[in-house]
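Residue-level listing of the chains:
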Amino acid sequence: MSEKHGEMKCPSCGSENLPGTLFCVQCGTYLPSGGPLRTEPFSEQSQMRARPWTRDSGNDDDRVVGIELEVLETHRRVLLSAESDILIGRLDAAHGIFPEMDLTADGGLEHGVSRRQARIYVREGGWFVEDLDSTNGTFLNDERLTPYLPYRFHDSDIITLGTLRVQIMIHRESKAVI
Amino acid sequence: MNKTLDPTTDYYAVLGVSDNADQVEIKHAYRALARKLHPDSGNGDVAAFRMMQEAYEVLRSPALRKAYDRQREARGLGPQIPLQCDITLSRQVVQVLSVPQVVYVLVDIKPPQDLSPVRLPLNLALVIDRSTSMQGTRISNVKLAAMNLVDSLLPEDRMAIIAFSDRAETLVGSTGAQDKTSLRSAISQLVPGGGTEILQGLRMGLQEIRRHANRNYSNHLVLLTDGRTYGDEEDALAEAQLASADGIGISALGIGDDWNDLFLDSLARRGNGLCEYIQSPAQLHTLLQNHIRDLSSTAARNLSFDVNCAEGAELRAAFRAMPYMSDLKPQPGQAIFLGNLGSEAIVVMLELVLRSPRSGERRVARLNIAGQVGGASEPMSLHRDVFIQFVESPPTQGPPTARLVNLLARLSIFRLQERAWEALESGDVRQATSLLESAATRLFEIGYRQLGQATLKEADRVARSGEPTMSGRKTVRFGTRGLTSRSSEQWR
C-alpha cells in the first residue's frame, strides 16, 4: 500500500482512498495494516510434514454419513453432511467466501485461520483433508500438510487450522449384520 | 521583562485573583504577595516568589495576558470550563503531499467533574397511535408504560395526552402533573380503531406543548406508533423543523416492524430527539422511562457546534459516535445540533480533508460549541482549535489511539449500511448488496456474529428482490447504530 504520493488503494476491494483514511470507504477494510481481514503469518511454524495419501488399500468398511467437528478452544460442535465438500475458513461476504465451517466466532482471525483455509471431503469411503495454501498452514495430528495434497484422516484425529485445534468425530452408517 | 509564559500554570490562582480581575486588582494582589514572600522578609520563599513574579509579568501586560488567555483556552484550561471538551487526532504531524488527505478528529464533550446534572421540569406531550393494528398486547403495553410514566412525573412537570388514528384528539390538554387522576383516566380510555395519520397528532401535541413552552422546561413530544403514515411525511418533517426552532424536541418510538424507520428517523433528527426501535412491546416501559429520565436530567442543554475550517481544510463528514451513532450531515455555515448532554459523554467524530501546500504548524479548524450548561437559561460557548504540523519528509509517529480506531471501525460499519439504504432508494441494488455484505463481514470480524448474520440475510433478500424487509432493515440499522453502546452486547 503506497502512501507516498497519490491515493491509497484498498488491498481488499481496490477502491481508491485519500491518504490518511483508516477504513476503506467502499468495503470498510482497515487500511494501515492491509486490513485485519488479512491473516497475519505466524513467525515460527513446524516444518515437519505429514505423508500424503497415495491410494493404497481402500478397505471400505462402512458408509460415511457425516462428520462432527469440535473446536477445542470453544467446545463448539458442528455436524456437517458428507454429501459435498466442506470448506473451512472465515466468512467474507464481500468476497463471496462462505465456508461451511466458519471459524470467525471461534477467534479464527486471532488464530491465524485464512478465509479459505482447508477443505475436507469423502472419497471412496474415506475422509480427506486438503490445505488450500493457507497463510499459517493446516496440520493433521500436529504434522503440517503440503498444500493441495489430500491427507486421509480418521475418527478422533486432530486437525489444526492456524493454531485452532479441531477434533474429528466421524459418523458412520454401519454395514454390519443386523 | 521575562517573556516566557506557561499556559499550564494558572497565573490567576498564583496571584489569588479572579480571571476577570482588572489591572488595579492585579497590582494590589502582587504588592501584598511580594511583601509576604520576598526572600528578605521573615518567611520568604524564593520559588514561590519567582512564580509570583512570572505571573505578574504576564498578567500586567495586556498583550501577554491576552496571549496567555488564548493559549489556555485552546488547551481547554480556560478561565472557567463550562464543559469538558477534549480533542484527539488520528495524527498530529502530516506530510506535505500534492493530494488531499484525511485527518480524523475525535471530540469528547463531557460535563465538568464538579457539575451534577440538573433536573429540569418536563413539558411533555405523549402522542399515541391508536390505529387498529395497535389492538391487543401493543395497546395494553402502551397503556401500562404511559401509566408508569405518569406515576414518575414530579409535581412541577406538565403533560398532555393526544391519541390519533385517522384523526387526532386531545385526551388531556397540557396539565400539571399534580392532576395524575385525569391523566390516568385518559390513558385507560384509549381504544384502538382506525388508520394511522401522524401529522394531525403531531400538530395537536405541539400545540399543547407550545402553550407552556419555556426555556426553563424540557419541552418534548414523544410519538408512539406502530404504523406507516401516508402522504403527510413532508408536512410532518416541516412541523418538526419549526418545533425545534422553538426549542421543542420530538422523539419517535416505533413499535413492531411495520413503521417507516427512515421517516421516523428523520423526524426525530429534525426534532432533535431520538428514534427507537421497540421490537417487543414489553421493552417499551424501560425505554420510555429511560428516555424521559434523560430528557429531564441534563448537564447541558441544546448543545450545538460548528466547525470553522481554515483555508485548505474542509469538513467532509461528521458523525455522532456515542451514546449512539448518527450521521450529523454537516452543511457549510450551519451549526450541528447535538441535543442534551446527560451523564454520558457525547462523542463526535469529524473527518477533515486537508490540502497541504507547504510545511509548518497551522490551525486547520476551530470548533465552536454552544449550549446552556446546568440550570442556566443563558447559552455559553467555547471553542477548541485543531492544530496540525505539516512536514516535508514522512513523519515517524505511532498509530492512532486504539479508542479512535475502535470507534472508527464501528462508525465505518454504520456508514456502510446507511449508504446501502441510500443506494437502494436510488435503485442501485448491486451497490446496496455489496455494501451490506461488506458491513456483514466487518461485523463478523469484530465479533458481532448475530448482527452480522442478520445483515447478511438482509443483503441476500435485497439481492433477490431489490427491496429491504421492514424488520431486516430495522434490525441492521438500529443494531449497528448501537455498536458503540453497551446494549450492543446482545448482538454478539
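Criteria and cut-off values
Residues numbered from 1 in each chain as written. Chains lettered and ligands numbered in written order. Predicted model: local features only at pLDDT ≥ 70, side-chain atom pairs only at ≥ 80, totals over all residues. Heavy atoms only, no water. Helix = DSSP H or I, 4+ residues; strand = E, 2+ residues; numbered from the N terminus. Buried < 20%, exposed > 50% of the residue type's maximum accessible area, 1.4 Å probe, protein only. Areas by Shrake-Rupley, 256 points an atom, 1.4 Å probe, with all protein chains shown as cover. Lys, Arg positive; Asp, Glu negative; His and termini not counted. Charge placed at Lys NZ, Arg CZ, Asp CG, Glu CD. Pairing = 2+ DSSP bridges. Contact = heavy atoms within 4.5 Å. Axes fitted to C-alpha atoms, helices over the stretch in contact; angles between N-to-C directions. Buried area = accessible area lost by both parts, 1.4 Å probe. Salt bridge = Lys/Arg side-chain N within 4 Å of Asp/Glu carboxyl O. Expected span 1.5 Å × (residues − 1). Parallel < 35°, antiparallel > 145°, perpendicular 65-115°, else oblique. Nonpolar A, V, L, I, M, F, W, Y, C, P; charged D, E, K, R; others polar. Domains from an automatic or database assignment.

Peer 1: Before we move on, can you summarise the overall build of chain B with the specific residues and values?
Peer 2: Along the backbone of chain B there are 14 helices and 18 strands. Judged by the C-alpha coordinates and their principal axes, chain B covers about 90 × 60 × 35 Å. Per-residue burial for chain B yields a buried fraction of 52% across its 492 residues. Here chain B displays about 21500 Å² of accessible surface, and carbon together with sulfur accounts for 48% of that area. In chain B, the 56 positive side-chain charges and the 56 negative ones have mean positions that sit 3 Å from each other.

Peer 1: Quick rundown of the side chain of H291(B)? Include the residues and the values.
Peer 2: Here H291(B) shows up in helix α10 (residues 284–296). With relative accessibility at 9%, the residue H291(B) sits in the buried group.

Peer 1: How would you explain the sheet that holds strand β14 (residues 326–327) of chain B if you had to name every residue and give the values?
Peer 2: Residue and element names in this part refer to chain B. The 5 strands are arranged β1-β3-β16-β13-β14 in an open sheet whose pairing can be described as antiparallel. The two strands at the open ends of the sheet, each matched to only one other strand, are β1 (84–89) and β14. Where β1 lies against strand β3 (residues 101–110), 6 bridges are found, and the strand directions are antiparallel. By the bridge assignment for β3, Q84 is matched with K110. Packed onto the sheet, helix α11 (residues 402–425) meets β1, β3, β13 (313–322), β14 and β16 (346–354) and runs at close to 90 degrees relative to β13.

Peer 1: Describe in detail the interface of chain A and chain B, supporting the description with residues and values.
Peer 2: For an interface, size is often stated in terms of accessible area lost upon the parts coming together. Contacts between chain A and chain B engage 27 residues on the former and 30 residues on the latter. Both faces considered, chain A and chain B share a buried interface measuring about 2400 Å² in area, 58% of it formed by carbon and sulfur atoms. Sorting the residues of chain A by area buried against chain B places L18(A), F23(A) and Q26(A) first, and these three jointly supply 22% of that buried surface. Joining chain A to chain B, the criterion identifies 1 salt bridge. Across the pair D102(A) and R449(B) runs a salt bridge whose closest N-O atoms are separated by 3.3 Å.

Peer 1: Can you lay out helix α12 (residues 429–445) of chain B for me, pointing to particular residues and giving the numbers?
Peer 2: Note that an α-helix has 3.6 residues per turn; residues three or four places apart therefore point the same way. Residue and element names in this part refer to chain B. An ideal rise of 1.5 Å per residue puts 24 Å on 17 residues; α12 measures up with 24 Å between its terminal C-alpha atoms. In terms of residue burial, α12 counts as a mostly covered element, since 12 of its 17 residues are buried. Of the positions making up α12, those classed as buried are A432, T433, L435, L436, S438, A439, A440, T441, R442, L443, F444 and E445. Just downstream of α12, G447 is the residue with a positive phi angle, here 90 degrees.

Peer 1: Quick rundown of the pairing of strand β8 (residues 218–225) of chain B? Include the residues and the values.
Peer 2: Residues and elements named next belong to chain B. Burial analysis of β8 places 8 of its 8 residues in the buried class, the great majority of the element. Along β8, one buried face is formed by S218, H220, V222 and L224 and the opposite face, lined by N219, L221, L223 and T225, is buried too. One ladder, built from 7 bridges, connects strand β5 (residues 122–129) with β8; its direction is parallel. Bridge pairing links L122 to S218 in β8.

Peer 1: Now, about the packing of helix α3 (residues 46–60) of chain B against helix α4 (residues 62–74) of chain B: what can you tell me, with residues and values included?
Peer 2: Residues and elements named next belong to chain B. Here α3 crosses α4 at 105 degrees, and the two axes come no closer than 5 Å. Viewed along their axes, α3 and α4 adopt a mutual orientation that is roughly perpendicular. On α4, the residues touching E57, V58, L59 and R60 of α3 are P62, L64, R65 and Y68. Its residues assigned to classes, the contact of α3 with α4 comprises 5 nonpolar, no polar and 3 charged.

Peer 1: For the domain arrangement of chain A, give the residues involved together with the corresponding values.
Peer 2: When the domains of chain A are assigned, the result is domain 1 (7–37) and domain 2 (63–173). Computed from C-alpha coordinates alone, the two centres of domain 1 of chain A and domain 2 of chain A are separated by 30 Å.

Peer 1: I'd love a proper account of the pattern of salt bridges, names of residues and values included.
Peer 2: Residue and element names in this part refer to chain B. Inspection of the entire model under this criterion finds 34 salt bridges over all chains. With its nearest N and O atoms 3.0 Å apart, the salt bridge here joins E418 to R477. Within this pair, whereas E418 is found in helix α11, its partner R477 is found in helix α14 (residues 470–481), the two being separated by 59 residues in sequence. On the basis of relative accessible area, E418 is assigned to the buried category, the value being 18%. You can call R477 buried: its relative accessible area is 6%. When salt bridges that share partners are traced, they join D261, D265, E418, R473 and R477 into one network.

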